[in-house]
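Residues per chain are reported as follows:
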Amino acid sequence: KPNLIVTPHSLFHIQVALFCSKKSGLQVRVRSGGHDYEGLSYVSHSHIPFLIIDLFNLRSITINMDEESAWVQSGATVGELYYAIAKKSKVHGFPAGSCSTIGVGGHFSGGGFGTIFRKYGLASDNVIDAQIIDVNGMILNRTLMGEDLFWAIRGGGGSSFGVITAWKIKLVPVPSKVTTFDVSRTLDQGATTLFHKWQTIAPKLPPELFLHSLVGVTNSASQEGGKTVVVSFSGLYLGTPENLLPLMQNSFAEFGLRRDNLTEMTWIQSVLHYAGYSIDESLEVLLRRNQTSPSFKAKSDYVKEPIPLHGLEGLWKMLLLENPPPFIFTPYGGIMSEISESETPFPHRKGNLYGIQYMVNFASNEDAPKHIDWIRRLYAYMTPYVSKFPRQAYLNYRDLDLGVNQGKPWYEKAKSWGLKYFNCNFERLALVKARVDPGNFFRDEQSIPPL
Ligand code: FDA
């Protein structure tokens, strides 16, 4: 438990909190939306006395339509951001995550992808300025912090470098209407061959088309009381049904899509759809900040070569043993292949077919070990089919199984997890850390060590 929770209303309050934490030897945890998968924004796994700076009061959003830009404070959620944009314009959006309760602070500093990232890149790729309070309590903008720190906080995670209080982002154009569709197939209906094909087709589709797949378990229609695997393909197209239909008929005739399977909606309605709401719901639901979910453990992978059919069949068998929440398979390609690996700390660009999020839920602490054991075995099973040397992972799907900071030599030991999240960018992150926080004041179980 934290020794103290600070809920600042101003930047001065943050400066005071940093000053006091230094004087009293408390570690600092910064929390924006609180969605960290290992709770690092509000829990210390090392049992070290700490205080939380919770930014939920600092969530103003100021949109400048002339500049097509916005300043967003870190305590805002992406739902609040999407809402604010939609209130100003029907033809602008922002490429960030689907779940509306994610906080801007953690999400932008770790990358942040969503349904239009194949067209516009990550949230962090669309940040043009930022405001950070550094280890000395100084308030710095992009010019004052310098390009190397500005580079580091756009994908290297915020918690190693200071308290990022606001981000200036560029808004992106979206059509006044977009088109969505959803197709599901079970194993009996040919899910395995469809998914096998999806692996190579989805990353090559035009950047305007996002076609991700969710793989879960459902009741079997052919076997009383039995279970089967179901693959749900969900598409969002930045264009009209008339243009999408021939595209899908050429690339995925097996879906058998017709005009009446395609739904036209505004971009903000597609945000509601992917956040799990009905598209007729009032936009105010995007302002809800609280979300209850069961306890879970998640892991991630990147896939560079299609998984062969026998590999998929083995994965399905493991899923049927556990019945976890759907795994999310996110196609890359599009602009993600055009941005260089070192443009920002997020290295997962060209050469990736798709990313995977594995997840398992559990009802109680007593229940946790067997489910966590299952997901670790599944992760081991996937080894031959995913990226290697290093096996890559997504920082925003934080996973302490990859390794934690554990003493000197800090940098060498941290490579176990640092190379997986950042690959060739890890060294540069550690050099930036040494410049801006040589005493390693801002630290947690997976913070960047100074080099
Ligand atoms: P939280 O406040 O927990 O912070 C996460 C990390 O960032 C912590 O280390 C924290 O200290 C640090 N931090 C936060 N604010 C900071 C600040 N202002 N300054 C410095 N450091 C700061 N991701 C994705 O890319 N696409 C998606 O669609 C989704 N969907 C999704 C759904 C759900 C239900 C969850 C729980 C998570 C996701 N994610 C996701 C993952 C999400 O991007 C990730 O958990 C983010 O880190 C969440 O940011 P928060 O601010 O909410 O987390």
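Bear in mind that the values here come from a model prediction, so they are computed numbers and not experimental data.

(A) Structural context of the layout of surface pockets. In this structure, the second largest pocket spans a volume of roughly 200 Å³. Classifying every residue of the lining of the second largest pocket by side-chain character gives five nonpolar, six polar and four charged.

(B) Structural detail: the sheet that holds strand β5 (residues 69-73). Taken together, the five strands give an open sheet; going across it, the order is β4-β5-β9-β7-β8, and neighbouring strands pair in antiparallel fashion. The open sheet is flanked by β4 (61-64) and β8 (139-140), the only strands paired with a single partner. Across two bridges, strand β7 (residues 127-133) lies against β8 in antiparallel orientation. Across the sheet, isoleucine 132 pairs through a bridge with leucine 140, a residue of β8. Helix-sheet contacts for helix α2 (residues 78-88) involve β4, β5 and β9 (163-170), and the interaxial angle to β4 is about 35 degrees.

(C) Quick look at the site of the ligand. The immediate surroundings of the ligand are formed by 31 residues, with Val30, Ser32, Ser41, Ile164 and Tyr394 found nearest. With respect to the ligand, the backbone of serine 159 contributes an N or O atom lying 3.3 Å from a nitrogen atom. Contacts to the ligand include isoleucine 164, whose backbone N or O atom sits 2.7 Å from a nitrogen atom. Considered on its own, the ligand offers 960 Å² of accessible surface; in the complex 91% of this is hidden by protein. Of all the secondary-structure elements, those providing two or more residues to the shell around the ligand are β2 (27-31), α3 (104-110) and β9. Looking at the shell around the ligand element by element, the count peaks at three residues for α3.

(D) Spotlight on the packing of helix α12 (residues 410-422) against helix α13 (residues 426-436). Two elements in contact, α12 and α13, have axes whose closest approach is 9 Å; the angle formed by their N-to-C orientations is 125 degrees. Judged by the inter-axis angle, α12 sits oblique to α13. Touching Tyr411, Ala414, Lys415, Trp417, Gly418, Leu419 and Phe422 of α12 are Phe426, Glu427, Leu429 and Ala430, all from α13. Residues that form the contact of α12 with α13 fall into these classes: eight nonpolar, one polar and two charged.

(E) Expanded view of the pattern of salt bridges. Applying the stated rule across the entire model yields 24 salt bridges. Across the pair arginine 398 and aspartate 36 runs a salt bridge, and its minimum N-O distance is 3.0 Å. Pair noted here: arginine 398 is in the loop between α11 (368-382) and α12 and aspartate 36 is in the loop between β2 and β3 (50-54), with a separation of 362 residues, a long-range link. The shortest N-O distance in the salt bridge between glutamate 80 and arginine 289 comes to 3.1 Å. One end of the pair, glutamate 80, is in helix α2; the other, arginine 289, is in the loop between α9 (267-274) and β15 (295-303), and 209 residues separate them in sequence. Among the charged side chains, a network of salt bridges with common partners joins Glu38, Lys297, Lys299, Arg376, Asp399 and Asp401.

(F) Structural detail: empty space enclosed by the protein. Counted according to the given criterion, the structure contains two cavities of 30 Å³ or more. The computed volume of the largest cavity comes to approximately 90 Å³. Counting residues per element, the lining of the largest cavity draws most heavily on α9, at four residues. Taken together, the residues of the lining of the largest cavity sort by class into seven nonpolar, four polar and no charged. Of the voids in this model, the second largest cavity is the one considered here, and its volume is about 60 Å³.

(G) Quick look at the packing of aromatic side chains. Counted according to the given criterion, the structure contains 35 aromatic pairs. With centroids separated by 5.7 Å and ring planes inclined at 70 degrees, the aromatic side chains of phenylalanine 108 and tryptophan 167 adopt a geometry described as edge-to-face. Separated by 59 residues along the polypeptide, phenylalanine 108 in helix α3 and tryptophan 167 in strand β9 bring together distant segments of the chain. Residue classification places phenylalanine 108 among the buried residues on the basis of a relative accessible area of 0%. A relative accessible area of 0% means that tryptophan 167 is categorised as buried. A centroid spacing of 6.1 Å and a plane angle of 80 degrees characterise the contact between phenylalanine 113 and tyrosine 397, whose relative ring orientation is edge-to-face. Of this pair, phenylalanine 113 sits in the loop between α3 and α4 (117-120) while tyrosine 397 sits in the loop between α11 and α12; the two residues are 284 residues apart in sequence, bridging distant segments of the chain. Each of the two residues, phenylalanine 113 as well as tyrosine 397, counts as buried. Among the aromatic side chains, those forming a connected cluster through ring pairs are Tyr37, Phe113, Phe117, Phe210, Tyr274, Phe296, Tyr302, Tyr332, Phe346, Tyr394 and Tyr397.

(H) Spatial organisation of the side chain of lysine 168. Position of lysine 168 among the secondary structure elements: in strand β9. Given the relative accessible area of 16%, lysine 168 is considered buried. Reaching out from lysine 168, the side chain makes a polar contact with the side chain of glutamate 67 at a distance of 3.1 Å. What lysine 168 contacts, discounting residues up to four positions off in sequence, is Glu67, Ser69, Ala70, Trp71, Asn126, Val127, Ile128, Asp129 and Ala130.

(I) Helix α8 (residues 241-251), seen in detail. What α8 keeps buried is the set Pro241, Leu244, Leu245, Met248 and Ser251. For α8, the angular spread of the buried residues around the axis is 150 degrees, confining them to a single face. Those residues of α8 hidden inside the fold are in contact with β11 (178-186), α7 (191-201), β12 (209-219), β13 (227-237) and β14 (263-265).

(J) Here's a closer look at the sheet that holds strand β17 (residues 354-362). Taken together, seven strands build an open sheet; the order of strands is β14-β11-β13-β12-β16-β17-β15 and the sheet is antiparallel. Because the sheet does not close on itself, it has two edges, and the strands there are β14 and β15. Direction aside, neighbouring strands of the sheet carry axes that sit 20 degrees apart on average. The strands that α11 touches are β15, β16 (327-331) and β17; relative to β17, the one it contacts most, it runs at about 160 degrees.

Here is what the cut-offs are and how they apply
- Residue positions are given per chain, counted from 1 along the sequence in the order it is written.
- In keeping with the predicted nature of the model, local features appear solely for residues at pLDDT of at least 70, side-chain atom pairs appear and are counted solely at 80 or more, and the whole-chain, interface and lining totals rest on all residues.
- Side-chain numbers here rest on the full set of heavy atoms in the structure, without hydrogens or water.
- The method works on a 1 Å grid over the protein atoms by themselves. A cavity is a set of points holding a 1.4 Å probe that cannot get out, a pocket is an open set with protein on both sides within 12 Å along at least five of seven lines, and residues with an atom within 4 Å of a point line them.
- Grid points are joined across faces, edges and corners, and a volume is the space filled by probe spheres set on the points.
- Any residue that is not Ala, Val, Leu, Ile, Met, Phe, Trp, Tyr, Cys, Pro, Asp, Glu, Lys or Arg is counted as polar, Gly included; the first ten are nonpolar and the last four charged.
- At least two DSSP bridges between two strands are needed for those strands to be called paired.
- Numbering of helices and strands runs from the N terminus; a helix is a DSSP stretch of H or I covering at least four residues, while a strand is a stretch of E covering at least two.
- In this analysis, two residues are considered to be in contact whenever any of their non-hydrogen atoms come within 4.5 Å of each other.
- Helix axes are fitted only over the stretch in contact, all axes being lines through C-alpha atoms; the angle between N-to-C directions runs from 0 to 180 degrees.
- Any residue with at least one heavy atom within 4 Å of a molecule or strand is counted as near it.
- What qualifies as a polar contact is a pair of N or O atoms within 3.5 Å, subject to a donor-acceptor requirement within protein and to the restriction that residues adjacent in sequence count only when both atoms come from side chains.
- The method behind every accessible area is Shrake-Rupley, applied with a 1.4 Å probe, and residues are considered shielded solely by the protein chains displayed.
- Roughly parallel means an angle under 35 degrees; roughly antiparallel means over 145; roughly perpendicular covers 65 to 115; every other angle is labelled oblique.
- What makes a salt bridge here is a side-chain nitrogen of Lys or Arg within 4 Å of a carboxyl oxygen of Asp or Glu, nothing more.
- Pairing of aromatic side chains here covers Phe, Tyr and the six-membered ring of Trp, requires ring centres within 6.5 Å, and sorts the geometry by plane angle: under 30 degrees stacked, over 60 edge-to-face, intermediate tilted.
- Summary of the burial criterion: residues with accessible area below 20% of their type's maximum are buried, those above 50% are exposed, and those between are partly exposed, where the area comes from a 1.4 Å probe applied to protein chains only.
- Taking the helix axis as origin, the arc is that swept by the directions to the C-beta atoms.

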